[in-house]
Amino acid sequence: MNRTTLRPDAVLVQAVIAGALSFAHLHDLAEAAGQSGWKAWAYPVSVDLLLVAAWRRLRALRAAGESARSAWTWFAVALAASLGANVATAGLLDLTDVPDWLRILVAGWPALAFLGGTLLVHTPAVPAPTDHSTEPAAVDSVIERSDSYEPDASPVTTPAPSPALPVIDPESGPVRAAVAVPPALVAHARKVADDHRARTGHPIDTDTLRARLGVPPSMADAIAAQLA
């Protein structure tokens, strides 16, 4: 079974000694300023409590990243009261004849300490503003893309239909594919055909029409089909 060894802490011992001496100096000063009995013992407690409350508030504000100016102010006030009592009782002040201004400060200390303690304990901490700019970059890009989407205004190109393949009849043989003939060429061919009929008295044949127009045989056949 392991036994816990108690070792004296030099810092803790020093803190106890310093606290006891400061406590005694504050008591002596309060008693010399006209505060007798239990009231003289209450002054050191009041100063030390304000010092501890200011220090705790200071640490809390610094941890939250907020301004600790008010906590520093009350910490300095409590420290000045404790340090002033230590210096005043070191022989620099005649405790049998305390000046009036010191009596006023000692008599007004309870109200000042109560005000400081109330402000330190009951002042709510200001919540840190929420940073909305730490959203994932991917979400922003998706939202921006959806907001700025515009339909493509470019015309949709429809592929041209492939030309129909000629239908082959087994009995009649292969049929030539239809050839597109410009209407102006058809009108000119009709004039040529009418002139030929007027001169010869017979309708124009395909070979003569092809020779007169200078077109390939397939187009000549298509024009003749429209003239018939």
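Attention in this report is confined to the structure presented alongside it. (Residues numbered from 1 in each chain as written. Predicted model: local features only at pLDDT ≥ 70, side-chain atom pairs only at ≥ 80, totals over all residues. Heavy atoms only, no water.)

## Brief notes about the overall build of the chain
For the record, the criterion: Numbering of helices and strands runs from the N terminus, with a helix taken as a DSSP run of H or I at least four residues long and a strand as a DSSP run of E at least two residues long. Under the scheme applied here, a residue whose accessible area is under 20% of the maximum for its type counts as buried, over 50% as exposed, and between as partly exposed, the area being computed with a 1.4 Å probe on protein chains only. Whether two residues touch is decided by their heavy atoms; if any such pair falls within 4.5 Å, the residues are in contact. Using the Shrake-Rupley algorithm and a 1.4 Å probe, accessible areas are obtained, with residue cover drawn only from the displayed protein chains.
Helix and strand counts for the chain stand at eight helices and zero strands. Along the chain direction, N to C, the helices and strands of the chain fall in the order α-α-α-α-α-α-α-α. Residue burial in the chain is summarised as follows: out of 228 residues, 21% are buried. The contacts in the chain between residues at least 6 apart in sequence include a share of 62% that link residues at least 24 apart. Accessible surface computed for the chain: about 17,100 Å², of which carbon and sulfur atoms make up 63%.

## What to know about the side chain of His196
Relative to the helices and strands, His196 is located in helix H6 (residues 183-200). Here His196 is in contact with Gly201, His202, Pro203, Ile204 and Thr208, once residues within four sequence places are set aside.

## Structural notes on the layout of surface pockets
Over the atoms rolls a probe the size of a water molecule, and in doing so it shows where empty space is left. For the record, the criterion: Cavity: a set of points on a 1 Å grid over the protein atoms alone where a 1.4 Å probe fits but cannot get out. Pocket: an open set with protein on both sides within 12 Å along at least five of seven lines, its lining residues, like those of a cavity, having an atom within 4 Å of a point. Grid points are joined across faces, edges and corners, and a volume is the space filled by probe spheres set on the points. In this count, Pro and Cys sit with the nonpolar residues alongside Ala, Val, Leu, Ile, Met, Phe, Trp and Tyr, while Asp, Glu, Lys and Arg are called charged and the others, Gly among them, polar.
Considering only enclosed or pocket space, the largest pocket measures out at about 410 Å³ in volume. Contributing to the lining of the largest pocket are 20 residues, with Leu29, Ala81, Leu102, Leu105 and Val106 lying nearest its centre. Those elements giving two or more residues to the lining of the largest pocket turn out to be helix H1 (10-32), helix H2 (38-63), helix H3 (69-92) and helix H4 (100-122). Tallying contributions element by element places H4 first for the lining of the largest pocket, with eight residues. Classifying every residue of the lining of the largest pocket by side-chain character gives 18 nonpolar, two polar and no charged. For the second largest pocket, the calculated volume is near 230 Å³. As for the second largest pocket, its lining consists of Ala15, Ala18, Gly19, Ser22, Asp48, Leu51, Leu79, Ser82, Leu83 and Asn86. Every element with two or more residues in the lining of the second largest pocket is listed here: H1, H2 and H3. Counted by class, the lining of the second largest pocket contains five nonpolar, four polar and one charged residues.

## Concerning the pattern of salt bridges
The test is simple: Salt bridges are counted wherever a side-chain nitrogen of Lys or Arg sits within 4 Å of a carboxyl oxygen of Asp or Glu.
Summed over the entire model, instances satisfying the criterion amount to one salt bridge. For Arg199, the salt bridge identified is with Asp195, shortest N-O distance 3.2 Å. Taken together, the residues span about one helical turn, with Arg199 and Asp195 both in helix H6 at a distance of four residues. Classification of Asp195 as partly exposed rests on a relative accessible area of 35%.

## Overview of the packing of aromatic side chains
Applied cut-off: Centre distance within 6.5 Å is the pairing criterion for rings of Phe, Tyr and Trp, where only the six-membered ring of Trp is used; planes under 30 degrees apart are then read as stacked, over 60 as edge-to-face, and the remainder as tilted.
Using the criterion set out here, one finds three aromatic pairs in the structure. Residues Trp55 and Phe75 carry aromatic rings whose centres are separated by 5.9 Å and whose planes lie at 45 degrees to one another, so their mutual orientation is tilted. Note that Trp55 is positioned in helix H2 and Phe75 in helix H3, a separation of 20 residues in sequence. Grouping aromatic residues by their ring pairs yields a cluster made of Trp55, Trp72 and Phe75.

## Concerning the nonpolar core
Cut-off, in case you're wondering: In this text, buried Ala, Val, Leu, Ile, Met, Phe, Trp, Tyr and Cys residues form a nonpolar core when linked through side-chain atoms within 4.5 Å.
Among the nonpolar cores identified, the biggest contains 25 residues, and Leu50, Val106, Trp109 and Leu120 are the most heavily contacted of them. Ranked by the residues each element gives to this core, the list is headed by H2, at seven residues. Contacts of Leu120, omitting those with residues within four sequence positions, involve Leu50, Ala53, Ala54, Arg57, Ala71 and Trp74. Core analysis: the next-biggest nonpolar cluster, separate from the first, contains 14 residues, Leu185, Val186, Leu213 and Ile223 among them.

## Section: a nonpolar patch on the surface
Put simply, the test is: Patches draw on residues past 30% relative accessible area with no salt bridge. Two like charges within 9 Å are joined, as are two nonpolar side chains (Val, Leu, Ile, Met, Phe, Trp, Tyr) within 5 Å.
On the surface, Val13, Ile17 and Leu21 cluster together into a nonpolar patch covering about 250 Å² of accessible area. Tracing the chain through its elements places Leu21 in helix H1.

## Here we look at the environment of Ala78
With respect to the helices and strands, Ala78 occurs in helix H3. For the pair Ala78 and Val47, spaced 31 residues apart in sequence, the C-alpha to C-alpha distance is 5.7 Å.

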